[in-house]
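A closer look at the structure
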Amino acid sequence: MRVLFVEDNETLAAATARSLTAAGFAVDILHTVEDGWHAWRSTPYEAVILDIMLDGESGLDLLATARRH
């Protein structure tokens, strides 16, 4: 299962990705809403994990954009 993980805290992102990878998931880590949106549009993900408090924007903004499209 392929997972998109958008998290601006690189330490937290790496630790979470290691755990998800150990559980058998393929994880793409991105750190901004803009990068997350580009990845989400171009790659079929089975799950998306969004940080709510990203620098300057919210993961909820990214979710709203995805829902509109």
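Quick note: structure is the one above.
Here we summarise the structure given alongside this text. All figures in this text were calculated on a predicted structure; none of them were measured in a lab.

What follows is about the sheet that holds strand β1 (residues 2-6). Taken together, three strands build an open sheet; the order of strands is β2-β1-β3 and the sheet is parallel. Edge positions in the sheet fall to β2 (26-30) and β3 (47-50), since each has one partner strand and no second. The average undirected angle you get between the axes of adjacent strands in this sheet is 20 degrees. By the bridge criterion, four bridges tie β1 to β3 in an arrangement that is parallel. Of the residues in β3, the one forming a bridge with Leu4 is Val48. Strands in contact with helix α1 (residues 10-22) are β1, β2 and β3; relative to β2, the strand with the most contacts, it is inclined by about 170 degrees. The strands touched by helix α2 (residues 33-42) within the sheet are β1, β2 and β3, with β1 carrying the most contacts at an inclination of about 165 degrees.

Moving on, we come to the side chain of Glu7. Its location among the elements puts Glu7 in the loop between β1 and α1. Despite its burial, Glu7 pairs with no opposite charge; the closest candidate is Arg18, at 13 Å N-O. In this structure, Glu7 is in contact with Leu12, Ala13, Leu30, His31, Asp51 and Leu54, ignoring residues within four places of it in sequence.

In the structure shown here, the tally under the stated rule is one salt bridge. Here Arg2 ties to Asp28 by a salt bridge, and the two come within 2.9 Å at their closest N and O atoms. Pair noted here: Arg2 is in strand β1 and Asp28 is in strand β2, with a separation of 26 residues, a long-range link.

Cut-offs applied
Residues numbered from 1 in each chain as written. Predicted model: local features only at pLDDT ≥ 70, side-chain atom pairs only at ≥ 80, totals over all residues. Heavy atoms only, no water. Pairing = 2+ DSSP bridges. Helix = DSSP H or I, 4+ residues; strand = E, 2+ residues; numbered from the N terminus. Axes fitted to C-alpha atoms, helices over the stretch in contact; angles between N-to-C directions. Contact = heavy atoms within 4.5 Å. Buried < 20%, exposed > 50% of the residue type's maximum accessible area, 1.4 Å probe, protein only. Lys, Arg positive; Asp, Glu negative; His and termini not counted. Salt bridge = Lys/Arg side-chain N within 4 Å of Asp/Glu carboxyl O.

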